[in-house]
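Per-entry structural report
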Amino acid sequence: MKHHPLNLLKRQIVDYFYKNFINRQKNPVFSVYDSISPVVTLHQNFDSLLVPEDHVSRKLSESFYLNSEYMLRAHTSSHQSDLIRTGLNAFLVFGDVYRRDTIDSSHYPIFHQAEGVRLYRGQELFSKMNITGDYQIFENGEKNETKQPLHTKEAVMILEHELKSTLENLAFELFGKDVETQWVDAYFPFTHPSWELEIKFQGEWLEVLGCGIMEQELLTAAGAGDQIGWAFGLGLERLAMRLYSIPDIRQFWRYNDSGFMSQFDVKDPSTPIKYKEVSSYPQRIYNMSFWLTDGYSENDFYDLVRNVGGDVVEQVRLTDDFYHPKMKRHSHCYEIVYRDMSKSLSKEEANIIHKQIGEAASKELGVENRW
Ligand code: FA5
Ligand code: MG
C-alpha cells in the first residue's frame with residue numbers, strides 16, 4: 001500500500017539512512033530488507049538473541065506460536081543473526097510483528113518494526129571519527145553497567161554516541177527540532193548497555209524504540225566475532241502517530257477506508273500531513289457532472305462544496321475531465337463523499353445536501369448540470 005502512512009514513514013526512514021550513511025564512493029552502506037516472512041523459528045526469535053530459557057517473553061501467553069518449532073516473529077530482531085551471517089555489516093529490516101499484547105491507544109497485537117544493525121571492524125571505528133592512536137575495540141576486561149567484558153570503553157563510547165545521535169537526528173528529521181525526547185536505560189538480552197527512546201506525544205512520554213550495543217556472544221555465534229556494533233528496533237505505528245497526529249493505533253487498520261487513506265495520498269513521502277479524524281459511520285458517495293463555463297476554476301468548486309456542505313463533506317475528487325469535440329465544451333465529473341462524524345447520514349439527508357451543492361454551483365459558478 002503505497003500511500004499508507006506506515007509506508008510514507010518507511011520511505012522517510014530509508015531515505016534518512018541512505019543519505020546519512022555513505023561510503024567513499026558515495027553509495028549507501030545500509031541495505032534494506034522488507035519482505036522476509038514473519039514465520040520464524042523459536043531459535044531465530046529467542047535463542048539466536050540469547051533470550052534465556054525462562055524469560056517471560058517465551059511464555060505461550062506472550063507470543064503467537066504455530067507449533068513447537070515455528071512462531072510469528074515478536075520482533076524484527078529475529079533476523080539479526082541470519083543477516084549478519086551472510087556477511088552484511090549494515091542493514092535495515094522492515095516487517096510486521098506479532099505479540100499477545102494488551103490493546104489500547106498505543107498497543108496492538110500486530111504492529112510494525114524497523115530493525116537497524118551497524119557493525120565495525122577494528123580500526124574502522126576510530127578512523128571514521130578521525131581518532132588516531134593505539135586504540136583497540138576489544139580487551140579482556142570486566143562487565144559493568146556501561147560495557148561488556150570484551151569491549152574497550154573507548155569503542156563503546158563511540159558506538160553509543162553514533163547510535164544515539166543517529167536516532168535522535170532521525171527524530172529531528174521526522175518531527176522537527178522542537179520534538180521532546182528522553183533516553184531511558186533499558187534491558188535486552190541481546191544488547192548491553194541498552195536504552196529506550198521516548199518522545200512527548202499528547203502530553204505524555206511514548207516509548208518509540210529500543211536499542212543498544214550488540215552482545216558480542218551473538219556476533220561471535222553469527223560468524224562476526226571480529227566486529228563490534230549497535231542495533232535498534234523502532235515501533236513504526238508509534239512514530240507515525242506522532243508524525244501525523246494520529247491519536248490511536250487502531251486507526252492504521254482503516255486501509256479500506258478512503259476517508260483515512262486519501263489523507264496520505266502524496267507523491268513526496270516527506271510532505272507534512274496532519275491527520276483529521278475520520279468518522280466511523282458509513283460514507284454516502286455521489287457523483288456530480290456539469291458543463292464548464294469560461295473562467296471556471298476547480299478550486300472555486302471545492303470552496304463552494306465546503307461552504308454549502310460543511311463538515312458532512314469528507315472528500316471531493318475530480319474523477320473525469322471530458323471534452324465534447326462537436327459541442328466544443330468541457331465537462332467535469334466529481335465524486336463527493338458525505339459522512340457525518342456523529343451519526344449515520346441517511347440517504348434523504350445526503351440527497352438534500354447534494355442537491356443544494358448542485359444548485360449553488362449552477363447559480364454561483366454558472367455551470368450547467370448534466371444530471
Ligand atoms: C524490541 O522489540 C527489541 N527487539 C528492540 C531492540 C532491537 C532492542 C535491537 C535492541 C536492539 P520492544 O519490545 O521494546 O523491543 O519493542 C520496540 C518498540 O516496538 C517499542 O519501543 C514500541 O515502540 C513498539 N511496540 C512494542 N509493543 C508494541 C505494541 N503492542 N503495539 C505497538 N507498538 C509496540
Ligand atoms: Mg520496550
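Structure report, in brief. (Residues numbered from 1 in each chain as written. Chains lettered and ligands numbered in written order. Predicted model: local features only at pLDDT ≥ 70, side-chain atom pairs only at ≥ 80, totals over all residues. Heavy atoms only, no water.)

What follows covers the site of ligand 1. Around ligand 1 there are 26 residues in total, and H75, S77, R99, D101 and E207 lie nearest to it. Between ligand 1 and V208, the relevant distance is 3.3 Å, taken from an oxygen atom to a main-chain nitrogen or oxygen of the residue. Relative to its unbound accessible area of 680 Å², ligand 1 is 94% covered by the protein chains. Top element by residues in the shell around ligand 1 is strand 8 (residues 204-214). It accounts for five residues. A breakdown of the residues in the shell around ligand 1 according to their chemical character gives 10 nonpolar, 10 polar and six charged. (Near = heavy atom within 4 Å. Polar contact = N/O pair within 3.5 Å; in protein donor to acceptor, adjacent residues only side chain to side chain. Areas by Shrake-Rupley, 256 points an atom, 1.4 Å probe, with all protein chains shown as cover. Helix = DSSP H or I, 4+ residues; strand = E, 2+ residues; numbered from the N terminus. Nonpolar A, V, L, I, M, F, W, Y, C, P; charged D, E, K, R; others polar.)

Time to look at the sheet that holds strand 1 (residues 31-33). If you trace the seven strands from one edge of the open sheet to the other, you get 1-4-5-9-8-7-6, paired in mixed fashion. Two strands in the sheet have a free side with no partner beyond their single neighbour: strand 1 and strand 6 (181-188). Looking at each pair of strands side by side, their axes are set apart by 20 degrees on average, direction ignored. Sheet topology places strand 1 next to strand 4 (residues 90-98); three bridges connect them, and they run parallel. Across the sheet, S31 pairs through a bridge with F91, a residue of strand 4. Relative to the sheet, helix 5 (residues 153-175) contacts strand 5 (110-121), strand 6, strand 7 (191-201), strand 8 and strand 9 (227-235), its axis offset from that of strand 9 by approximately 25 degrees. (Pairing = 2+ DSSP bridges. Axes fitted to C-alpha atoms, helices over the stretch in contact; angles between N-to-C directions. Contact = heavy atoms within 4.5 Å.)

We now examine the packing of helix 1 (residues 5-20) against helix 5. Interhelical geometry of helix 1 versus helix 5 gives an angle of 130 degrees and a closest axis separation of 11 Å. For the element pair helix 1 / helix 5, the angle class is oblique. Like other packed secondary-structure pairs, helix 1 and helix 5 cross with a definite hand, here right-handed. Of the residues in helix 5, those in contact with L9, Q12, I13, Y16, F17 and K19 of helix 1 are S165, T166, N169, L170, E173 and L174. Grouping the amino acids of the contact of helix 1 with helix 5 by side-chain chemistry returns six nonpolar, four polar and two charged. (Parallel < 35°, antiparallel > 145°, perpendicular 65-115°, else oblique. Left-handed = near helix turned anticlockwise from the far one by under 90°.)

For the rest of this paragraph, the subject is the packing of aromatic side chains. Throughout the structure, instances matching the rule amount to 24 aromatic pairs. Between F301 and Y334, the aromatic rings sit 4.4 Å apart at their centres with planes inclined by 35 degrees, giving tilted as the arrangement. Residue F301 is located in helix 9 (residues 298-309), and its partner Y334 is located in strand 12 (residues 329-338); the two are separated by 33 residues in the primary sequence. The residues F301 and Y334 share a single accessibility class, namely buried. Seen from the ring of F94, K10 lies directly overhead, with NZ or CZ sitting 5.6 Å from the centre. Above the plane of the ring of W205 lies K200, whose end atom (NZ or CZ) is 4.8 Å from the centre. (Phe/Tyr/Trp six-rings, centres within 6.5 Å; stacked < 30°, edge-to-face > 60°. Buried < 20%, exposed > 50% of the residue type's maximum accessible area, 1.4 Å probe, protein only. Lys NZ or Arg CZ within 6 Å of the ring centre and 35° of its normal.)

Let us look at the pairing of strand 9. Among the nine residues that make up strand 9, nine are buried, leaving the element largely enclosed by the rest of the structure. The alternating pattern of strand 9 places Q227, G229, A231, G233 and G235 on one face and I228, W230, F232 and L234 on the opposite face, and all of these are buried. Both strand 5 and strand 9 contribute to a ladder of nine bridges, which runs antiparallel. Across the sheet, residue R121 finds its bridge partner in strand 9, namely Q227. With five bridges joining them, strand 8 and strand 9 adopt antiparallel strand pairing. Bridge pairing links C211 to F232 in strand 9.

Keep in mind these numbers describe shape, not what the thing actually does.
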